[in-house]
Amino acid sequence: MVLDSLKRAFALLLQNPLLWLPGLAAGALGAADILIQYYFGTFLATRLWFIEALLVPFLLAGAYVQIRSGERGAVAFFAGGTAYYFRILLPSLVIVFAVIATIFLVVLPLTLIGAVEAVLPFVVMGCTIPILFFSFFFDVAAVFEDRKVFDSIRRSVEVVMNRPGKVVFFYLTSLGIVIVVAIPLAVIWTALLYDQLLPLASMDPAQVQAFSVSMFNEMLGPEGILITAAFYLAGVTIAGNIIYAFKAVFYRDICGETPVGAPVVLQGEYDEKGRWYKY
């Protein structure tokens, strides 16, 4: 089923160009962030993440509506984005707050004993990954089943718990998509910037530890930064669009296409005494 869902996701992306907008917007804003932080500093660059956080949910909502209904066209896309924008944005804010609050509660006692710096990366991953694992399908549930803010998160948890094997296979397939897209781009990027990246090979551990983003920018130079931004745009556009479309089709497949609240059609028959026998 999982691979069949992936094939249908590919077909949808090939048939409807508007479905490429979410990944394209995320990639373009990320690429712009790389360029701006090089030329104008990180202060202005970080502001783009706020724009991305506000724009991408709108585009995802429009894309999900078209995947759900099969409609095409810009009018239907932006109408769907308007209708379900806050159904996606608000739960995402709740999830972000839950992740931050969980990290804070775990880090607080570690700070008192002075052990937070050594384990902080593990704490962040340990708090973030489980929450995202269970809440990953909230946006699809919000659009496909017309769920409210907290109900969409609850529905995502329910789907994951009821179908853990298929969901794990979906996550592994999504990770494979990222690897398949990222590795060729990384190889080509390294080949193009070989001369700029060569000094990294001669650095000792102390130099690597002291290496900063600004130093990396200076090493790449204007041409290297432009190439990096272009490759980031390509990677996020391709991998991001495939994964979100894959998620939508996979969710629809495992949950069925019966609308929420529709009467259940029982399969069976009555015998001569009026007793019901379910098939």
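Residues numbered from 1 in each chain as written. Predicted model: local features only at pLDDT ≥ 70, side-chain atom pairs only at ≥ 80, totals over all residues. Heavy atoms only, no water.

### Focus on the overall build of the protein chain
Using the following cut-off: Helix numbering and strand numbering both begin at the N terminus, where a helix is a DSSP run of H or I of at least 4 residues and a strand a DSSP run of E of at least 2. The classification of residues rests on relative accessible area computed with a 1.4 Å probe and restricted to protein chains. Under 20% of the type maximum is buried, over 50% is exposed, and intermediate values are partly exposed. We call two residues in contact when some of their heavy atoms are within 4.5 Å. For the accessible areas, the method is Shrake-Rupley and the probe is 1.4 Å, while residue cover comes only from the protein chains on display.
Of the regular secondary structure elements, the protein chain holds eleven helices and two strands. Listed by position from the N terminus, the elements making up the protein chain come as α-α-α-α-α-α-α-α-α-α-α-β-β. Dimensions of the protein chain along its principal axes, counting C-alpha atoms only, are 85 × 50 × 30 Å. Counting across all 279 residues of the protein chain, residues that qualify as buried make up 38%. Contacts in the protein chain between residues far apart in sequence, at least 24 positions, make up 70% of those at least 6 positions apart. Working note: accessible area of the protein chain is about 16100 Å², and carbon and sulfur atoms make up 73% of it.

### What about the side chain of Asn 241?
Selection rule: The definition of a polar contact used here is a pair of N or O atoms within 3.5 Å, where within protein one atom must be able to donate a hydrogen and the other to accept one, and adjacent residues in sequence count solely through side-chain atom pairs.
Along the chain, Asn 241 falls in helix 11 (residues 213–255). When its relative accessible area of 0% is taken as the criterion, Asn 241 is described as buried. Polar side-chain contacts of Asn 241 include one of 2.8 Å to the backbone nitrogen of Gly 23. A polar atom in the side chain of Asn 241 sits 2.8 Å from the backbone oxygen of Thr 237. Discounting residues that sit within four places of it in the chain, Asn 241 has contacts with Leu 13, Leu 19, Trp 20, Pro 22, Gly 23, Leu 24 and Val 236.

### Some details on the nonpolar core
Here is the rule we go by: Among buried residues, the Ala, Val, Leu, Ile, Met, Phe, Trp, Tyr and Cys ones that are joined through side-chain atoms within 4.5 Å form a nonpolar core.
Formed by 63 residues in total, the largest nonpolar core has its most connected members in Tyr 64, Phe 137, Phe 144, Phe 246 and Phe 250. For this core, the leading source of residues is helix 11, giving 16 residues. Filtering out sequence-adjacent residues up to four positions away, Phe 137 remains in contact with Ser 156, Val 160, Val 167, Phe 170, Tyr 171, Lys 247, Phe 250 and Tyr 251.

### A word on the pattern of salt bridges
We count it as follows: When a carboxyl oxygen of Asp or Glu lies within 4 Å of a side-chain nitrogen of Lys or Arg, that pair is called a salt bridge.
Enumeration according to the criterion identifies nine salt bridges in this entry. The salt bridge partner of Asp 146 is Arg 87, with a shortest N-O separation of 2.7 Å. Highlighted residues: Asp 146 in the loop between helix 6 (138–144) and helix 7 (149–162) and Arg 87 in helix 4 (residues 74–112), separated in sequence by 59 residues. Beyond isolated ion pairs, a larger network of salt bridges with shared partners links Glu 145, Arg 147, Asp 151, Arg 154, Arg 155 and Glu 158.

### A word on the confidence of the model for the protein chain
Put simply, the rule reads: Confidence of the predictor at the level of single residues is captured by pLDDT, which takes values from 0 to 100.
Of all residues in the protein chain, 91% have pLDDT values of 70 or greater, and the mean over the chain is 86. Here strand 2 (residues 276–278) stands out as the least confident element of the protein chain, with mean pLDDT 47; helix 8 (residues 164–192) is the most confident, with 95.

### With respect to the layout of surface pockets
Any space left empty among the atoms is revealed by the rolling of a water-sized probe across them. Definition in use: Throughout, the protein atoms alone are placed on a 1 Å grid, and a set of points is a cavity if a 1.4 Å probe fits but cannot get out or a pocket if it is open with protein on both sides within 12 Å along at least five of seven lines; lining residues have an atom within 4 Å of a point. Grid points are joined across faces, edges and corners, and a volume is the space filled by probe spheres set on the points. All amino acids are sorted into three groups, where Ala, Val, Leu, Ile, Met, Phe, Trp, Tyr, Cys and Pro are nonpolar, Asp, Glu, Lys and Arg are charged, and the leftover types, Gly among them, are polar.
Space inside the largest pocket adds up to approximately 1100 Å³. Of all the secondary-structure elements, those providing two or more residues to the lining of the largest pocket are helix 2 (21–39), helix 3 (42–69), helix 4, helix 5 (116–135), helix 6 and helix 11. Element by element, the count of residues in the lining of the largest pocket is highest for helix 3, at eight residues. Among the residues forming the lining of the largest pocket, the class breakdown is 22 nonpolar, six polar and three charged.

### Points about a nonpolar patch on the surface
The condition is simple: For patch detection, residues must exceed 30% relative accessible area and be free of salt bridges, and they are connected within 9 Å for like charges or within 5 Å for nonpolar side chains (Val, Leu, Ile, Met, Phe, Trp, Tyr).
A surface patch of nonpolar side chains, amounting to about 790 Å² of accessible area, comprises Leu 3, Val 168, Phe 169, Leu 172, Leu 175, Val 178, Ile 179, Ile 183 and Val 187. Inspection of the secondary structure assignment puts Ile 183 in helix 8.

### A look at the packing of helix 9 (residues 194–201) against helix 11
Just so we agree on the cut-off: Note on method: axes are straight lines fitted to C-alpha atoms, helices fitted across the in-contact stretch only, with angles between N-to-C directions ranging 0 to 180 degrees.
Two numbers describe how helix 9 lies on helix 11: the axes approach to 8 Å, and their chain directions differ by 145 degrees. For the pair helix 9 and helix 11, contact is made by Gln 196, Leu 197, Pro 199 and Leu 200 and by Phe 216, Met 219 and Leu 220, respectively. A per-class count over the contact of helix 9 with helix 11 returns six nonpolar, one polar and no charged.

### Focus: the packing of aromatic side chains
Applicable threshold: Paired rings are identified among Phe, Tyr and Trp, the last through its six-membered ring, by centres lying within 6.5 Å, and are further divided according to the angle between planes into stacked (under 30 degrees), edge-to-face (over 60) and tilted (the rest).
This model, assessed by the stated rule, comprises 21 aromatic pairs. Note on Tyr 85 and Phe 86: the rings are 5.0 Å apart at their centroids and 70 degrees apart in plane angle, and the pair reads as edge-to-face. Taken together through their ring pairs, the aromatic side chains of Tyr 64, Phe 133, Phe 134, Phe 136, Phe 137, Phe 144, Phe 170, Tyr 171, Tyr 244, Phe 246, Phe 250 and Tyr 251 make up a single cluster.

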